[in-house]
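One-letter residues, chain by chain:
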Amino acid sequence: MGWLFLKVLFMGATFLGGLYPLVDFCCSGDTRGQKPNFVIILADDMGWGDLGANWAETKDTANLDEMAAEGMRFVDFHAAASTCSPSRASLLTGRLGLRNGVTHNFGVTSVGGLPLNETTLAEVLRQAGYVTGMIGKWHLGHNGSYHPNFRGFDYYFGIPYSHDMGCTDTPGYNHPPCPACPRGDTPSRNLKRHCYTDVALPLYENLSIVEQPVNLTRLAQKYAEKATQFIHRASASGRPFFLYVGLAHMHVPLSGTWHCADPRGRGPYRAGLREMDSLVGQIKDKVDHTARENTLIWFAGDNGPWAQKCELAGSVGPFTGSWQTRQGGSAAKQTTWEGGHRVPALAYWPGTVPLNVTSTALLSVLDLFPTVVALAGASFPRDRHFDGLDVSAVLFGRSQTGHRVLFHPNSGAAGEYGALQTVRLGRHKAFYITGGAQACDGKVGPAWRHEPPLIFNLEEDAAEAEPLGGGGAEYQRVLPKVREVLAEVLLDIAADKTSRADYTQDPLVTPCCDPHQRACRCPAT
Ligand SMILES: *[C@@H]1O[C@H](CO)[C@@H](O)[C@H](O)[C@H]1NC(C)=O
Ligand SMILES: *[C@@H]1O[C@H](CO)[C@@H](O)[C@H](O)[C@H]1NC(C)=O
Ligand SMILES: *[C@@H]1O[C@H](CO)[C@@H](O)[C@H](O)[C@H]1NC(C)=O
Ligand SMILES: *[C@@H]1O[C@H](CO)[C@@H](O)[C@H](O)[C@H]1NC(C)=O
Ligand SMILES: *[C@@H]1O[C@H](CO)[C@@H](O)[C@H](O)[C@H]1NC(C)=O
């Protein structure tokens, strides 16, 4: 275990009032000494403002708002990256992309995935006796042993990447419209000639493709059924369980059955939000009826809204990144502006997580790994460093203290993938590189290096509109601290075991139910 991690543990321990075994305060709702169950639900491209409890304009998340009233809502909670694969890799490993090797997205033809010697949360929990299941979007590689069934999950049901990475028979919305799958049994002969959008979207159960193309109209209902079945069976088995649900929502609405009066307005996005909310509500209901007092449900977003999709993208709430948007480009998904990585987050565990509490602690998706591992009484891989904190004291209402420092890696808006270009330090945030993602108008805006960095005070300027003046006392006070923490983490990463993901592509790894059918359709459909 590295010194940074130890230091971080001690910081954690300080706010708990001293070092004592985690089990002493773990699981107060549990009287039988049984390990707690964990349900982690990750939404896709959901904006901070898409949660009604965060943002009064949003009125489509009744179940999530209820969960907030019955649990804890985090308002300063951050994804570990601003795009899908790196954010998910960090959730499952507790490590930044510079350590685990996943710095940008995998594609349909990606040969690799999350490096095989990175240890996932599912592997750690399975080792500790847990039944493990994953439902939904994986996006950490699907070729051979990169598939979730080889990464610690006993059970898998889902689309291995995003639901717009392939054609379907019900393509519906999206900008530009997703193509419908070609029909007919003309053998595709050579998959190499096909762009991935010509290959039908696959749905897996464990290692088998059970539907291709997926019927997106029924997908949310299927995810709900499989999730409730998993919880039911796992509870009946008498073993503790870990269920990780990677929702297909929000991303971009694709299903064609949402009849909206205004198909090019907010209607389709709001219908998608309600569908997602209902799916989460069904999972929570199942937990409430099966293992209510002994299950932690942790809901979070994977990154901010996909602004280039215009009215089919979510809301950043007050985190508009207006310094960037003034120059062009979006300040949401893919960027290190708040709209890119500050995400909605909730924790629910009746009897253990206090009711109706809003936490302002600075937290990260990176904290799920150490927190869950500690609550499970499981053990960490000791040969590498971690970036998260065990924040169970925050969850239990005993502390308001999270991170002092977070690092936000570049996820494609500007600069090198994975580079720690933005530093959060208390209420301040320093940018060494700025750049926008593609906005609704198609513009990305200029990418700029800043040395010395631009520094914003988020407490006074949530919109990141005006950086502090470089000559001012506040700037001069913060700058040396920013430099110090950045130098520290870079040294630590240099001394750590760091993995590299294989980003090479080969059309032969495209998931295909039947290569003799056009679009790789399953013969049955
Ligand atoms: C992935 O696919 C390639 C074919 O391009 C194959 O050679 C390789 O062994 C596969 N990798 C794994 C880890 O299974
Ligand atoms: C998936 O794999 C798990 C674990 O091996 C097994 O219990 C389950 O029956 C499998 N499900 C299906 C539908 O194949
Ligand atoms: C998809 O599922 C819906 C709802 O069950 C059904 O009405 C529709 O016909 C299905 N679409 C296709 C292409 O099978
Ligand atoms: C939750 O707290 C808020 C503000 O503290 C209060 O207005 C609201 O009534 C509470 N809701 C419930 C369900 O207790
Ligand atoms: C994974 O393997 C690579 C290549 O051998 C190595 O450099 C890296 O440190 C390993 N990662 C871990 C976490 O052990």
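Right, let's walk through the structure included here. (Residues numbered from 1 in each chain as written. Chains lettered and ligands numbered in written order. Predicted model: local features only at pLDDT ≥ 70, side-chain atom pairs only at ≥ 80, totals over all residues. Heavy atoms only, no water.)

## What to know about the overall build of the chain
Turning to step 1, where the next piece is worked out: The helix and strand tally for the chain stands at 12 helices and 16 strands.
Turning to step 2, where the next piece is worked out: Seen through its C-alpha atoms, the chain measures out along the principal axes to roughly 70 × 60 × 45 Å.
Turning to step 3, where the next piece is worked out: Split into buried and exposed, the 525 residues of the chain put 62% on the buried side.
Turning to step 4, where the next piece is worked out: Surface exposure of the chain reaches about 19000 Å², of which carbon and sulfur atoms provide 53%. (Helix = DSSP H or I, 4+ residues; strand = E, 2+ residues; numbered from the N terminus. Buried < 20%, exposed > 50% of the residue type's maximum accessible area, 1.4 Å probe, protein only. Areas by Shrake-Rupley, 256 points an atom, 1.4 Å probe, with all protein chains shown as cover.)

## Quick look at helix 12 (residues 473-494)
Turning to step 1, where the next piece is worked out: If you check helix 12, its first and last C-alpha atoms are 33 Å apart, about what 22 residues at 1.5 Å a residue would give, namely 32 Å.
Turning to step 2, where the next piece is worked out: Of all the residues in helix 12, the buried ones are Tyr 475, Val 478, Leu 479, Val 482, Val 485, Leu 486, Val 489, Asp 492 and Ile 493. (Expected span 1.5 Å × (residues − 1).)

## Side note on the state of the cysteines
Turning to step 1, where the next piece is worked out: Under the definition given, this model contains four disulfides.
Turning to step 2, where the next piece is worked out: Disulfide partner of Cys 167: Cys 181, at an S-S distance of 2.2 Å. In this structure, the disulfide formed by Cys 167 and Cys 181 twists by about 105 degrees around the S-S bond and is classed as right-handed. Placement of Cys 167 in the loop between strand 5 (155-158) and strand 6 (203-205) and of Cys 181 in the loop between strand 5 and strand 6 is noted, with a sequence separation of 14 residues between them. Here Cys 167 and Cys 181 have matching classes, each one buried.
Turning to step 3, where the next piece is worked out: Shown here is the disulfide that connects Cys 513 with Cys 522, its sulfur atoms set 2.3 Å apart. Handedness of the Cys 513-Cys 522 disulfide follows from its S-S torsion of about 80 degrees: it is right-handed.
Turning to step 4, where the next piece is worked out: Classification of Cys 513 by relative accessible area gives partly exposed; the value is 27%.
Turning to step 5, where the next piece is worked out: Cysteine Cys 84 is unpaired, with the sulfur of Cys 178 as its nearest cysteine sulfur at 15 Å. (Disulfide = S-S within 2.5 Å.)

## Some points on the packing of aromatic side chains
For any two aromatic rings, the description comes down to two numbers: the centre-to-centre distance and the angle of the planes.
Turning to step 1, where the next piece is worked out: Tallied over the entire structure, the rule returns 21 aromatic pairs.
Turning to step 2, where the next piece is worked out: With a centroid separation of 6.0 Å and an interplanar angle of 85 degrees, the aromatic rings of Trp 138 and Phe 153 are classed as edge-to-face. Here Phe 153 lies in the loop between strand 4 (131-136) and strand 5 and Trp 138 lies in the loop between strand 4 and strand 5, a separation of 15 residues in the sequence. Each member of the pair, Trp 138 as well as Phe 153, is classed as buried.
Turning to step 3, where the next piece is worked out: Counting every residue linked through ring pairs, the aromatic cluster contains Trp 323, Trp 337, Phe 431, Trp 448 and Phe 456.
Turning to step 4, where the next piece is worked out: The cationic tip of Lys 309 hangs over the ring face of Trp 306; the distance from NZ or CZ to the ring centre is 4.5 Å.
Turning to step 5, where the next piece is worked out: Here the guanidinium or amino end of Lys 333 rests over the ring plane of Trp 306, the centre of that ring lying 4.2 Å away. (Phe/Tyr/Trp six-rings, centres within 6.5 Å; stacked < 30°, edge-to-face > 60°. Lys NZ or Arg CZ within 6 Å of the ring centre and 35° of its normal.)

## Quick notes on the site of ligand 1
Turning to step 1, where the next piece is worked out: Around ligand 1, the neighbouring residues are Val 111, Asn 143, Gly 144, Ser 145, Tyr 146, Asp 506 and Val 509.
Turning to step 2, where the next piece is worked out: Between Asn 143 and ligand 1, the recorded distance is 2.4 Å, taken from a side-chain N or O atom to an oxygen atom.
Turning to step 3, where the next piece is worked out: Contact between ligand 1 and Asp 506: an oxygen atom at 2.6 Å from a side-chain N or O atom of the residue.
Turning to step 4, where the next piece is worked out: When ligand 1 is considered free in solution it has 360 Å² of accessible area, and contact with the protein chains removes 53% of it.
Turning to step 5, where the next piece is worked out: Here the shell around ligand 1 is composed, by residue class, of three nonpolar, three polar and one charged. (Near = heavy atom within 4 Å. Polar contact = N/O pair within 3.5 Å; in protein donor to acceptor, adjacent residues only side chain to side chain. Nonpolar A, V, L, I, M, F, W, Y, C, P; charged D, E, K, R; others polar.)

## Concerning the sheet that holds strand 11 (residues 357-359)
Turning to step 1, where the next piece is worked out: Read across the sheet, 10 strands follow the order 7-6-5-4-8-1-9-10-2-11 without closing on themselves; strand pairing throughout is mixed. The sheet is open, and its two borders are formed by strand 7 (208-211) and strand 11, each paired with just one other strand. Each adjacent strand pair in this sheet contributes to an overall mean axis angle of 20 degrees, direction not counted.
Turning to step 2, where the next piece is worked out: Two strands pair when backbone bridges link them, and strand 5 and strand 6 are joined in this way by two bridges, in the antiparallel orientation. Within strand 6, the residue paired with Phe 157 across the bridge is Glu 205.
Turning to step 3, where the next piece is worked out: The strands that helix 2 (residues 62-69) touches are strand 2 (72-74), strand 9 (295-301), strand 10 (345-348) and strand 11; relative to strand 10, the one it contacts most, it runs at about 60 degrees.
Turning to step 4, where the next piece is worked out: Seen against the sheet, helix 7 (residues 267-290) touches strand 1 (37-44), strand 8 (241-250), strand 9 and strand 10 and runs at an angle of roughly 165 degrees to strand 8. (Pairing = 2+ DSSP bridges. Axes fitted to C-alpha atoms, helices over the stretch in contact; angles between N-to-C directions. Contact = heavy atoms within 4.5 Å.)

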